[in-house]
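Structural characterization, general
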Amino acid sequence: MNDTHICVGVISGSYGVNGELRIKSFCAIPEDIETYSPLTDESGDRQFELAILRPIKNGFAARLPDVTTKEEADAMRATQLFARREQLPSLPDDEFYHADLIGLDVYDTGGELLGRVKTVQNHGADDLLELQLSGSSTTTFLPFTKAAVPTVDLASRRIVADPPEGILPTPKPAPQE
């Protein structure tokens, strides 16, 4: 999907036996996901007119017009839901859509390339940037805080980071002869 669409949620399976779906919303105000309809799948080929029925644990029970059975709902599990960027609210200067951070190069405060943002994770506290370290298959997590990430420059597609001690692997000393 191109950068004109942002992932705002995912179908996590069926809810009940009458074609209702479990929806996880990634919106700051979770129920706002319904206001961005029609949503699309990742390819943009399928459109969804989402109707939230009620809150449930970890999301919402919702309905789509063409889904009427548990089997149809189960078949949609893991479908990501995308909204058009222009439908979404503009963000303050210090907030970012996760989709805008993925793929950015990350440099330390001395200008050395540390790696590239692979994913953005959130397990309840602050967001974490998963960095694919430069020249390596290793990844590490960088807290996405003002102290650890003082600069995000979307225009130049670069982040300046000041990683806390112990976040980056220490280089192995060269063998002595």
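Just so you know, these numbers come straight off a predicted model, no measurement behind them. (Residues numbered from 1 in each chain as written. Predicted model: local features only at pLDDT ≥ 70, side-chain atom pairs only at ≥ 80, totals over all residues. Heavy atoms only, no water.)

Across the chain, the average pLDDT comes to 88, with 93% of residues at 70 or higher. When mean pLDDT is taken per element in the chain, strand β6 (residues 59-63) scores highest with 95 and helix α2 (residues 98-101) scores lowest with 86. (pLDDT = per-residue confidence, 0-100. Helix = DSSP H or I, 4+ residues; strand = E, 2+ residues; numbered from the N terminus.)

Now for the pattern of salt bridges. For the structure on display, the rule yields six salt bridges. For Arg-54, the salt bridge is made with Glu-20, and the minimal N-O distance between the two is 2.7 Å. Placement of Arg-54 in strand β5 (residues 51-56) and of Glu-20 in strand β2 (residues 20-25) is noted, with a sequence separation of 34 residues between them. Arg-54 gets classed as partly exposed once you look at its relative accessible area, which sits at 34%. According to the relative accessible area criterion, Glu-20 is buried, its value standing at 13%. Among the ionic pairs, Arg-85 bridges to Asp-100, the shortest N-O distance being 2.6 Å. Residue Arg-85 is located in the loop between β7 (80-84) and α2, and its partner Asp-100 is located in helix α2; the two are separated by 15 residues in the primary sequence. (Salt bridge = Lys/Arg side-chain N within 4 Å of Asp/Glu carboxyl O. Buried < 20%, exposed > 50% of the residue type's maximum accessible area, 1.4 Å probe, protein only.)

Further remarks concern the pairing of β2. The side chains of a regular strand alternate between the sheet's two faces. As judged from the six bridges shared by strand β1 (residues 5-15) and β2, these two strands associate in the antiparallel manner. Bridge pairing in β2 links Ile-11 to Ile-23. In textbook terms, the turn of a hairpin is the stretch between consecutive antiparallel strands, and for β1 and β2 this stretch comprises four residues, one of which, Gly-16, has a positive phi near 85 degrees. Alignment of β2 against β6, held across three bridges, turns out to be antiparallel. In the strand pairing of β6, Leu-21 is matched with Ala-62. (Pairing = 2+ DSSP bridges.)

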